[in-house]
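Below are the chains, spelled out letter by letter.
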Amino acid sequence: MKKIVVLGAGESGAGAAVLAKTRGFDVFVSDMSAVKDRYKELLDKHGIRWEEKRHTEELILSADEIIKSPGIPDKAPIVRKAVEKGIHIISEIEFAGRYTDAKMICITGSNGKTTTTSLIYHILCKAGMNVGLAGNIGRSLALQVATEHHDVYVIELSSFQLDNMYEFKADIAVLMNITPDHLDRYDFRMQNYVDSKMRITRNQTPADTFIYWAGDPIVSREVTAHDSELLAVRHGFTADTPLPGGMAKESLSLKGRHNLYNSLAAGYAAEAAGVPMEVIHEGLSDFPGVEHRLEKAGFVGDVEFVNDSKATNVDACWYALESMTKPTVLILGGLDKGNDYSQIYELVRQKCIGLVLMGVDNSKLHENFDSFGIPMADVRSMPDCLTECMRMSRPGCCVLLSPCCASFDLFRNMEDRGEQFKEGVRKLRIQLDN
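Let us look at the structure shown here. No experiment lies behind these values; they were computed from the predicted model shown.

The rules behind the values
- Residues numbered from 1 in each chain as written.
- Predicted model: local features only at pLDDT ≥ 70, side-chain atom pairs only at ≥ 80, totals over all residues.
- Heavy atoms only, no water.
- Pairing = 2+ DSSP bridges.
- Helix = DSSP H or I, 4+ residues; strand = E, 2+ residues; numbered from the N terminus.
- Axes fitted to C-alpha atoms, helices over the stretch in contact; angles between N-to-C directions.
- Contact = heavy atoms within 4.5 Å.
- Phe/Tyr/Trp six-rings, centres within 6.5 Å; stacked < 30°, edge-to-face > 60°.
- Buried < 20%, exposed > 50% of the residue type's maximum accessible area, 1.4 Å probe, protein only.
- Core = buried A, V, L, I, M, F, W, Y, C linked by side-chain atoms within 4.5 Å.
- Expected span 1.5 Å × (residues − 1).

Comments concerning the sheet that holds strand 15 (residues 352-358)
Step number 1: Here we have 6 strands laid out as an open sheet, ordered 12-13-17-14-15-16, and mixed in their pairing. The two strands at the open ends of the sheet, each matched to only one other strand, are strand 12 (295-300) and strand 16 (376-379). Taking each pair of neighbouring strands and ignoring which way they run, the sheet shows an average axis angle of 20°.
Step number 2: Bridge analysis of strand 14 (residues 328-332) against strand 15 gives 5 bridges, and the strand direction is parallel. Its bridge partner lying in strand 15, Leu332 is registered against Leu357.
Step number 3: Against the sheet, helix 17 (residues 414-433) contacts strand 12, strand 13 (303-307), strand 14 and strand 17 (398-401), and its axis sits at roughly 20° relative to strand 12.

Put into structure tokens, the structure is as follows:
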């Protein structure tokens, strides 16, 4: 019996393990961290062996194939040893793709991919399609393939997931943009990251569709450079591209320039998937938005709070600041991923009345912004952060959490950071009311 080892027992790894077990493989799961109870229960339910807080090399390196969770870097010692031994390493998405003939709509990009993925899923659901939501958002694709049946999957793909995909093919591939992000995982070489994102087009044929933002200079350059290799029908769009069916921009539920790009990509992806134009228009006009992405968190007095915790890179923060129409207290900080903050300098100067730096090490932020002469404070918790924000705020201003950085230095994840922000705002509002 062929042996599959899964490294990482989170949503991706546990789902891959269940699929492998249901397909008759000998399965072992190993995680260097503690495994969450819900995944332990899932693995136990399916009779899958697992370990936590260690990697037992003799069990792992005896695998015929390894499925690696996207959060585990290639530089991890156990991954290096597996590579040296010649063990094939794949992603959960690659593995799941072997066992379904569903149409795959795949979305990647440095920014906008979660909103675009959610919007496409929203439109396809409105169209009555049997559709699953998977990848970086929603539940594990492998688990859905193992336990459910869908005709279409809408999949958000990170660069980490794309790195270990080889035979998998997107029937409809959407590339939103490529800006510096995760450079710490790519030897701080931008081209390595770019090459990873361009894998979204891998294995596409003339029967497939490739939708991309032609206004992005890196994407445009790469499309030109790989012209002969890109076989799919191409739809490049810019800010001047009409919405599908001539829909008025004023009718879009999502506002702002960045959301225009998201709506264009989603609309044309839905059209390529065969959704009727009237359903596309309806979906683009009533989509409620994505949690933690420019999410309105409410008012404390006449100070507005906006939760943009998903802004884990500088480009995402740029779009958030660009959309601000009020004087802004900006919350920055977290785990820096090789960020270049210069692209937000001008917007910070134009729009910010205060900067609150929330991270274990804010030295790089101080190097970039101390000279601006803007009030600034360092904090290491959300309650202290919101206290400083209120101190810096003034009537009619906005407090924007758009950190540019990953959350893992002070929070469990991006969602935890956003939830603590919203809960803190709620408490401030109660205090003011009392």
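Section: the packing of aromatic side chains
Step number 1: Per the stated rule, a full pass over the model turns up 13 aromatic pairs.
Step number 2: Judged by centre distance (6.3 Å) and plane angle (25°), the ring pair of Phe160 and Tyr186 falls under stacked. Separated by 26 residues along the polypeptide, Phe160 in helix 8 (residues 159-163) and Tyr186 in the loop between strand 9 (172-175) and helix 9 (190-198) bring together distant segments of the chain. Of the two residues, Phe160 and Tyr186, neither departs from the other in class, the shared state being buried.
Step number 3: Look at Trp318 and Tyr319: their rings are 5.2 Å apart centre to centre, the planes differ by 90°, and that puts the pair in the edge-to-face class.
Step number 4: You can call Trp318 partly exposed: its relative accessible area is 22%.

Examining the nonpolar core
Step number 1: Judged by nonpolar contacts, the single largest core of 55 residues is most densely connected at Leu141, Ile155 and Phe210.
Step number 2: Here the element with the most residues in this core is helix 1 (residues 11-22); it accounts for 6 residues.
Step number 3: Among all residues touching Phe210, those that are not within four sequence positions of it are Ala173, Leu175, Ile200, Thr201, Gln204, Val223, Leu230, Ala232, Val233, Arg234 and His235.
Step number 4: Ranked by size, the runner-up nonpolar core spans 35 residues in total, among them Val174, Met176, Tyr261 and Val290.

A look at helix 6 (residues 113-126)
Step number 1: With 14 residues, helix 6 extends 20 Å from end C-alpha to end C-alpha; this agrees with the ideal 20 Å at 1.5 Å per step.
Step number 2: Across the 14 residues that make up helix 6, a large majority, 11, are buried.
Step number 3: Within the span of helix 6, buried status applies to Lys113, Thr114, Thr115, Thr116, Thr117, Ser118, Leu119, Ile120, His122, Ile123 and Leu124.
Step number 4: Each element contacted by the buried residues of helix 6 is listed here: strand 6 (103-108), strand 7 (131-135), strand 8 (152-156), helix 9, helix 11 (257-272) and helix 12 (277-286).
Step number 5: Positive phi shows up at Gly128, right after helix 6, with a value of about 80°.

What about unusual backbone geometry?
Step number 1: Despite not being glycine, Phe188 shows a phi value in the positive range, around 55°.
Step number 2: Relative to the helices and strands, Phe188 is located in the loop between strand 9 and helix 9.
Step number 3: Owing to a relative accessible area of 55%, Phe188 belongs among the exposed residues under this scheme.
Step number 4: Backbone geometry places His292, a non-glycine residue, at a positive phi of 75°.
Step number 5: Note that His292 resides in the loop between helix 12 and strand 12.

What about the side chain of Gln161?
Step number 1: As for its position among the elements, Gln161 is in helix 8.
Step number 2: A residue is classified by how much of its surface remains accessible, and Gln161, at 4% relative accessible area, is buried.
Step number 3: Ignoring sequence-local partners within four residues, the contact set of Gln161 consists of Pro70, Ser91, Ile93, Gly135, Asn136 and Glu156.

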